[in-house]
Amino acid sequence: MTDTPTRVDTTRLQHLARGYTETAVFYAAIDLDLFSHVSQGATDIDALADAMSITMLNAERLVVVCLALGLLEPDDTSGNGPSRVRNAADCEKYLVSTSDRYAGAWMTFTRRETGDWFDLTESLRDLEPPATLGIYSDMTVERARRYHAATYSIGMGAGRRFCRHVDLTGRRHLLDLGGGSGAYSINAVKTFEGLRATVLDLPPVTVVTQEYLEQNGVSDLVDTVGGDFIADPLPTGCDVAVMASNLPIYDAERIQLVVQKTFDALEPGGEMHLVGETLNADGVGPVDAAMWGMAEVLYGSGGRAHTSTECIGYFESAGFADVHNVEFIRGTLTRTVGTKPA
Ligand SMILES: C[S@@+](CC[C@H](N)C(=O)[O-])C[C@H]1O[C@@H](n2cnc3c(N)ncnc32)[C@H](O)[C@@H]1O
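A few points on the structure. Here the structure is a predicted model, which is why all the values come from computation and not from measurement. For every chain, the first residue of the written sequence is number 1, and numbering continues from 1 onward in sequence order. Local features in this predicted model are restricted to residues of pLDDT 70 or higher, and side-chain atom pairs are both shown and tallied only at a pLDDT of 80 or more, whereas totals for entire chains, interfaces and linings draw on every residue. Just so you know, side-chain values use all the structure's heavy atoms and leave hydrogens and water out.

### What to know about the overall build of the protein
Alright, step 1. On a plain count of helices and strands, the protein comes out with 15 helices and eleven strands.
Alright, step 2. Taking 2.2 N^0.38 as the reference for a compact globule, 342 residues should give roughly 20 Å; the C-alpha atoms of the protein span a radius of gyration of 23 Å, in line with that estimate.
Alright, step 3. With the C-alpha coordinates aligned to their principal axes, the bounding extent of the protein is approximately 70 × 55 × 50 Å.
Alright, step 4. Throughout, exposure labels follow a simple rule: accessible area from a 1.4 Å probe, protein chains only, divided by the maximum for the residue type, with under 20% read as buried, over 50% as exposed, and the rest as partly exposed. When each of the 342 residues of the protein is scored for burial, the buried share is 44%.
Alright, step 5. When checking whether two residues touch, look at their non-hydrogen atoms; a contact exists if any pair is within 4.5 Å. Considering only contacts within the protein whose residues lie at least 6 apart along the sequence, 68% involve residues at least 24 apart.
Alright, step 6. Every accessible area reported is derived by Shrake-Rupley at a probe size of 1.4 Å, with residue values counting cover from the shown protein chains alone. Accessible surface, the protein as shown: approximately 17,600 Å² in total, 53% of it carbon and sulfur.
Alright, step 7. Of the charged side chains in the protein, 27 are positive and 47 negative, and the gap between their average positions amounts to 2 Å. The way it works is that DSSP assigns letters per residue, a run of H or I at least four long becomes a helix, a run of E at least two long becomes a strand, and they are numbered from the N terminus. The globule rule is 2.2 Å times the number of residues to the power 0.38, and the radius of gyration it is compared with is taken over C-alpha atoms. Positive charge is attributed to Lys and Arg, negative charge to Asp and Glu, and no charge count is given to His or to the chain ends. By convention, the charge on Lys lies at NZ, on Arg at CZ, on Asp at CG and on Glu at CD.

Now the structure itself:
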């Protein structure tokens, strides 16, 4: 048997060269509320054109691309292309704007950065040392409100998942570092009887956190502390800490510092969970973790992508025991966990 040599061609490179077109169509579909209209019964080109107030030709173009991307699926085929469509399962669950699972705000979260990404070459050539806090340096209440409308739309799902994965029965007080909307704390105090929580975040952000706590009816169980988890002392008396979706914002030195401060502040026997966009142990992928590290170039911070092995190292150097990584969301988030010896 002779091995057929793999032919090298340009397919993958061409796809990469035009990858931005997929993002653009996805944003347009969200803007035009395509998935809500399909869900509500506008399932052919005619009805969709009408519902989105666009021409039949443009509705057809949009539907053809969304079918090709797997965002829509054929609902019946008459031999000449699908005459009716339905939403793919994820679009039906997360992109129907009347649903409380609607995550459109998160999907378009980084949209305003699109122009900056296309100036990336210049940013990479910048030889100035980065500012420490990047986009968080000049946070205001208004910006925090817009920012966390997006993180809340995705964070509540992550918070629910955290409570399914991690049994906090018997724990008394959760410290939620950079807790933002409070999504993890809200779910935790609702799930585990007797648990209280403290969200520590930058002072303007905590104003917004309080709005979410009130909206979810947990203001009596969750309080907020305005501060900087790098520069300020951490609250003591907590027996569990979570730090979620902050990892690529900082360099190794600062992540090590926060993990150490958390270890020192936790009660003996307490546990810490670092939920982060983490690279594989060998540093190769996933793309999403690598890209969050790259985004920090645009924000002007010193942050970068960290590997799962580095995360283990931060915990072990701080003194945590039983340190290990658990897949949290495949291809996106890893949870590093460790226990402070009793
Ligand atoms: C991407 S959001 C994640 C929010 C929340 N943990 C979640 O998963 O939904 C990152 C949060 O970390 C906060 N943060 C970043 N650096 C911080 C610092 N040095 N001190 C306090 N909060 C910080 C930001 O203000 C923001 O609310």
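### A few points about the site of the ligand
Alright, step 1. Here a residue is considered near a molecule or strand provided that any single heavy atom belonging to it is located within 4 Å of it. Among the 19 residues in the neighbourhood of the ligand, the closest are listed as Asp201, Asp228, Phe229, Asn246 and Tyr250.
Alright, step 2. Take glycine 178: an N or O atom from its main chain is 2.9 Å from a nitrogen atom of the ligand.
Alright, step 3. One of the backbone nitrogen or oxygen atoms of alanine 244 is found 2.9 Å away from a nitrogen atom of the ligand.
Alright, step 4. For the ligand, the protein covers 96% of the area, taking 590 Å² as the surface of the free molecule.
Alright, step 5. The classification used treats Ala, Val, Leu, Ile, Met, Phe, Trp, Tyr, Cys and Pro as nonpolar, Asp, Glu, Lys and Arg as charged, and all other residues, Gly among them, as polar. Residues of the shell around the ligand, tallied by class, amount to ten nonpolar, seven polar and two charged. Identification of polar contacts relies on pairs of N or O atoms within 3.5 Å, with a donor-acceptor requirement for protein atoms, meaning one able to donate a hydrogen and the other able to accept it, and with residues adjacent in sequence counted only if both atoms are side-chain atoms.

### A short note on the environment of glycine 180
Alright, step 1. You can see glycine 180 is positioned in the loop between strand S3 (173–177) and helix H11 (183–191).
Alright, step 2. Among all residues touching glycine 180, those that are not within four sequence positions of it are His148, Val199, Asp201, Val205 and Thr209.

### Overview of the packing of helix H10 (residues 141–165) against helix H12 (residues 203–215)
Alright, step 1. Orientation of H10 relative to H12, taken along the N-to-C sense of each, is 45°, at an axis distance of 8 Å. In terms of orientation, H10 lies oblique with respect to H12. When the axes of H10 and H12 are compared, the crossing they make is right-handed. Of the residues in H12, those in contact with Val141, Ala144, Arg145, His148, Ala149 and Tyr152 of H10 are Pro204, Val205, Val207, Val208, Glu211, Tyr212 and Gln215.
Alright, step 2. Looking at the contact of H10 with H12 residue by residue, the class counts come to nine nonpolar, two polar and two charged. To get an axis, a line is fitted to the C-alpha atoms, and for a helix only the part in contact is used. The angle between two axes follows their N-to-C directions and goes from 0 to 180 degrees. These descriptions rest on fixed angle ranges, namely under 35 degrees for roughly parallel, over 145 for roughly antiparallel, 65 to 115 for roughly perpendicular, and the rest for oblique. In a left-handed crossing the near helix is turned counterclockwise from the far helix by less than a right angle, and in a right-handed crossing that turn is clockwise.

### Quick notes on the sheet that holds strand S4 (residues 196–201)
Alright, step 1. Being paired, for any two strands, means DSSP has found at least two bridges between them. Taking strand neighbours across the sheet as the criterion, the seven strands line up as S5-S4-S3-S6-S7-S11-S10 in an open arrangement whose pairing is mixed. The open sheet has two edge strands with one neighbour each: strand S5 (222–226) and strand S10 (321–329). For this sheet the average axis-to-axis angle between neighbouring strands, irrespective of direction, equals 20°.
Alright, step 2. By the bridge criterion, six bridges tie S10 to strand S11 (residues 333–339) in an arrangement that is antiparallel. By the bridge assignment, histidine 324 is partnered in S11 with valine 337.
Alright, step 3. Packing of H10 onto the sheet brings it into contact with strand S6 (240–244), strand S7 (271–276), S10 and S11, and relative to S10 it is tilted by some 135°.
Alright, step 4. Sheet strands touched by helix H13 (residues 252–265): S3, S6 and S7. Its angle to S6, the strand with the most contacts, is close to 160°.

### Considerations on the side chain of serine 36
Alright, step 1. In this fold, serine 36 is placed in helix H3 (residues 34–39).
Alright, step 2. When sequence neighbours within four positions are dropped, the list of residues in contact with serine 36 reads Leu95, Val96 and Ser97.

### Quick word on the environment of alanine 49
Alright, step 1. The residue alanine 49 is located in helix H4 (residues 45–52) in this model.
Alright, step 2. Considered as a pair, alanine 49 and leucine 62 are 13 residues apart in the sequence and their alpha carbons are 9.9 Å apart.
Alright, step 3. Contacts of alanine 49, omitting those with residues within four sequence positions, involve Ile54, Thr55, Met56 and Ala59.

### As for unusual backbone geometry
Alright, step 1. Following glycine 285, the chain continues to proline 286 via a peptide bond in cis, the omega torsion being 0°.
Alright, step 2. Looking at the secondary structure, you find proline 286 in the loop between strand S8 (278–279) and helix H14 (287–299).
Alright, step 3. Even without being glycine, serine 53 reaches a positive phi, approximately 55°.
Alright, step 4. The topology assignment puts serine 53 in the loop between H4 and helix H5 (56–68).
Alright, step 5. Phi at aspartate 322 takes a positive value of approximately 50°, unusual for a residue other than glycine.
Alright, step 6. On the secondary structure map, aspartate 322 appears in strand S10.

### Here we look at the pattern of salt bridges
Between side chains of opposite charge, a pair can form when the charged atoms approach closely.
Alright, step 1. By definition here, a salt bridge exists when the distance from a side-chain nitrogen of Lys or Arg to a carboxyl oxygen of Asp or Glu is within 4 Å. Applying the stated criterion across every chain yields a total of 13 salt bridges.
Alright, step 2. A salt bridge links glutamate 142 to arginine 145; the nearest nitrogen and oxygen atoms lie 2.6 Å apart. Taken together, the residues span about one helical turn, with glutamate 142 and arginine 145 both in helix H10 at a distance of three residues.
Alright, step 3. With relative accessibility at 31%, the residue arginine 145 sits in the partly exposed group.
Alright, step 4. The shortest N-O distance in the salt bridge between arginine 254 and aspartate 251 comes to 2.9 Å.
Alright, step 5. Linked through salt bridges whose partners overlap, the residues forming this network are Glu73, Asp75 and Arg86.

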